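# Structure at a glance
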Amino acid sequence: MTVLPATGGDRPAALEMVDVSVVRGGRTVWSEGTFSVAAGAVVGVIGPNGAGKTTLFQLALGLLPVAGGRVDVLGAPPRRGNRRIGYVPQNYTAALGHAIRCRDLVTLGLTGSRFGLRPTSAAERARVDEALRRVGAYDYAESRMSELSGGQQQRVAIAQAIVDDAELLLLDEPLANLDLRNQQEIVQLLGELHRERDVTIMVVAHDLNPLLPVLSEAIYLLDGHPHHDPITDVVQEELLTHLYGTPVGVVRTAQGDLFTRAAWRDPAPGSQR
Amino acid sequence: MSALAGVQFQSNWLEILGSPFMQHALIGGSLVAVAAGLLGYFVITRQNAFAAHALAHIGFPGATGAILVGAPVTLGLAVFCVGGGLLIGLFGRKVADREMATGTILALATALGVLFASLASANASTTTSVLFGNLLAISDDQLLVYGAFTAAVVGTLAVLARPLVFASVDPAVAEARGVPVRALGLAFVVLLALTITMAVQVVGTLLLFALVVTPAATALRITARPGRVALISVALALAAVWGGLVLSAMVDLPPSFFIVSLAVLAWVVVLAVVGRRRNRPAEPLLDTHHPH
């Protein structure tokens, strides 16, 4: 195991857990979670379906009580409504319909928890514009969410997550249901946001490949416990095969690019019987 | 033909509009239109249309039960609508769970309504006025209650508007951002129940959809901006109520029929004009994104 780079400087860890266990519906989802994600890291959260990846986010967001151990988010205990966290839930865009414009949805990320009738201020509108421009969604800001493609909707969701200047971005399966081009563009956008804003990014993903260019490390949920390692230690055939319970191969190209693949072969591909 | 012979233009319709019962109907109908128009956007975005429909039916045993025990019909309606709304609201947030619970409560309520109507030996016209509304029989007392209900709806919405929009269109993120999603859901269902209590007496349990959902559905075809949807659907609901009363004064037919017909007519017209544009696949036109 290599030592993780201290990208955070003297800032508190973005997410720190000490012997944390989490219980949902009477069942222990996972336990013995001890790790520290430094501020400024880009972390993939991987593991098979039902391993508790989304649960990890809900813990950080204060939506789920900590059953045991200690959790610190950006140097403080988790609490619901933490404005320093930007969140893009799973299947997010599919749930949004024809009844909201992109711009209004992003604005809600800034002012949506405010009671009373005060109208959106010019300064707030400017921040919404800035977020929409940053993700490349400004051109279709006046469109309804339902009128957009999956990639466009995902950009708007990210704009909503960054509009309040989040220091920690939690994205749950942001690449699901996107085609290759849109996957790459979203990953590129995440990389840019990371560089420009020094934001910590955690991404739940079932496929590591499209994210490998930006990931510095990964949390993998294996045998009921979260583990945290640099990405190069995680992308190993033996570990991934164990993790997913199916043969996984790892390929390193001459250019140094890393990718995983299913490690089985059709005995006679394309052959005529 | 003989049945239709009674339907004819009443040349004294302006006089009829000026009569006290019509004045009551205009004021009462307008109060309902404002509340219903404001809530419509949320009924649609919260996928509560079925719950709204069901609440009206849940009010039915409230109304007949009130007749049975000699209480005001509005009180019976309000108690059953608010109670039924809270019950539905407390059931799972998943739409599928809610639909099953709502349908079951709805069936039970309708059965109770029939039972109470039978026990109270309510005559057919009383039952008919609950099912189809009786806007022309609104009393002074009812107007006061309507005024209070509409004021409560408008006042509460003014405070809750933004978080309620957030919780309605985007509940997962709203919850993470600290919006009290569940409490807002219960508050909303109480406002809806108060509105339905009024609306049942305007268009009846069977036609309520046309006042609570249709104007907002029409407005949503025109714009997706919540504030504008609210304004347009209030305007449409007011126009339907006023137009319906004028037409009813002109030809002496039930206002419910005209109110619902006008609301549906607006929906059809907007659907025909705007619908085509909206249904066109937007992808090729909008995918003009350039990589940075």
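Everything numeric here is computed off the predicted structure, so don't read it as measured data. (Residues numbered from 1 in each chain as written. Chains lettered and ligands numbered in written order. Predicted model: local features only at pLDDT ≥ 70, side-chain atom pairs only at ≥ 80, totals over all residues.)

Here the focus is the overall build of chain A. Check the secondary structure of chain A and you find seven helices and eleven strands. For 273 residues, the compact-globule formula gives about 19 Å, and the C-alpha radius of gyration of chain A, at 20 Å, lands near that figure. A separation of at least 24 residues holds for 66% of the contacts in chain A among residues at least 6 apart in sequence. (Helix = DSSP H or I, 4+ residues; strand = E, 2+ residues; numbered from the N terminus. Rg over C-alpha atoms; globule rule 2.2 N^0.38 Å. Contact = placed C-beta atoms within 7 Å.)

Another aspect to go through is the domain arrangement of chain A. Residues and elements named next belong to chain A. Taken domain by domain, chain A consists of domain 1 (1-84 + 166-229) and domain 2 (92-165). Opposite the twelve residues of domain 1 that make contact, domain 2 presents ten residues. Residues that form the side of domain 1 that touches domain 2 fall into these classes: seven nonpolar, three polar and two charged. (Domains from an automatic or database assignment. Nonpolar A, V, L, I, M, F, W, Y, C, P; charged D, E, K, R; others polar.)

Once that is clear, we can look at the packing of helix α2 (residues 20-45) of chain B against helix α7 (residues 140-169) of chain B. All names here are of chain B. Axis separation between α2 and α7 bottoms out at 10 Å; the angle between their running directions is 15°. Regarding the angle of α2 to α7, the classification is roughly parallel. Note on packing geometry: the crossing formed by α2 with α7 is left-handed. The residues of α7 that touch α2, namely those facing H24, I27, G28, L31, V32, V34, A35, L38, L39, F42 and T45, are Q142, L143, Y146, G147, F149, T150, V153, V154, L157, L164, S168 and V169. Per-class residue counts for the contact of α2 with α7 are 16 nonpolar, seven polar and no charged. (Axes fitted to C-alpha atoms, helices over the stretch in contact; angles between N-to-C directions. Parallel < 35°, antiparallel > 145°, perpendicular 65-115°, else oblique. Left-handed = near helix turned anticlockwise from the far one by under 90°.)

So, about the pairing of strand β1 (residues 15-24) of chain A. All names here are of chain A. Where β1 and strand β2 (residues 27-37) come together, seven bridges link them in antiparallel fashion. What sits directly across from M17, in β2, is F35. Between β1 and β2, which pair antiparallel one after the other, the connecting turn spans two residues, and G25 there sits at a positive phi close to 55°. (Pairing = 2+ DSSP bridges.)

Each partner contributes residues to the interface: chain A has 33 residues there, and chain B has 32 residues. Counting residues per element, the ones that place at least two in the side of chain A that touches chain B are α2 (102-111) and α4 (150-162) of chain A. Counting residues per element, the side of chain A that touches chain B draws most heavily on α2(A), which supplies four residues. Residue composition of the side of chain A that touches chain B, grouped by class: 14 nonpolar, eleven polar and eight charged.

Here chain B averages 84 in pLDDT, and 89% of its residues register 70 or above. Confidence metrics for the complex model read pTM 0.87 and ipTM 0.88. (pLDDT = per-residue confidence, 0-100.)

Okay, unusual backbone geometry next. Of note in this structure, A:N177 is not a glycine but carries a positive phi near 65°. We classify A:N177 as partly exposed; it has 14 C-beta atoms within 10 Å. Its identity as a non-glycine residue notwithstanding, B:D252 has a phi of 55°, on the positive side. Looking at where B:D252 falls in the secondary structure, it is placed in the loop between α12 (226-251) and α13 (255-279). (Buried ≥ 20, exposed ≤ 12 C-beta atoms within 10 Å, placed from the backbone.)

Moving on, we get to the sheet that holds strand β5 (residues 85-88) of chain A. Residues and elements named next belong to chain A. Read from one edge to the other, the open sheet built from six strands follows the order β5-β6-β7-β3-β8-β9, with strand pairing classed as mixed. The open sheet has two free edges, formed respectively by β5 and β9 (225-230), since each of these has just one partner strand. Each strand of the sheet is rotated relative to its neighbour by a mean of 15°, with strand direction disregarded. Sheet topology places strand β3 (residues 42-46) next to strand β7 (residues 200-204); four bridges connect them, and they run parallel. For G44, the partnering residue across the bridge sits in β7 and is V203. Along the sheet, α4 makes contact with β5 and β6 (168-172), crossing β5 at roughly 160°.

So, about the nonpolar core. Counting 173 residues, the largest nonpolar core has B:I196, B:A199, B:L211 and B:V212 as the members making the most contacts within it. Mapped onto the domain boundaries, this core takes at least three residues apiece from domain 1 (1-84 + 166-229) and domain 2 (92-165) of chain A. (Core = buried A, V, L, I, M, F, W, Y, C linked by C-beta atoms within 7 Å.)

Right, let's talk about the pairing of β6(A) for a bit. All names here are of chain A. By the criterion of burial, β6 is predominantly enclosed, with five of the five residues buried. Neither face of β6 is exposed, since L168, L170 and D172 on one face and L169 and L171 on the opposite face are all buried. Pairing geometry for β6 and β7, over five bridges, is parallel. If you follow L170 over to β7, its bridge partner there is M202. The parallel pair β6 and β7 is bridged by helix α5 (residues 180-197), and the resulting crossover is right-handed. (Right-handed = clockwise from strand over helix to strand, strands pointing away.)

With that settled, the discussion passes to the sheet that holds strand β4 (residues 68-73) of chain A. Residues and elements named next belong to chain A. Ordered by their spatial adjacency, three strands build an open sheet running β2-β1-β4, and the pairing between neighbours is antiparallel. Each edge of the sheet is formed by a strand with only one pairing partner; in this case those strands are β2 and β4. On average, each strand axis in the sheet is tilted by 30° relative to the strand beside it, whichever way the strands run. In this structure, β1 lies alongside β4, joined through five bridges in antiparallel fashion. Bridge assignment links M17 to a residue of β4, and that residue is V71. Across the sheet, helix α1 (residues 53-60) touches β1, β2 and β4, and the angle it forms with β1 is around 115°.

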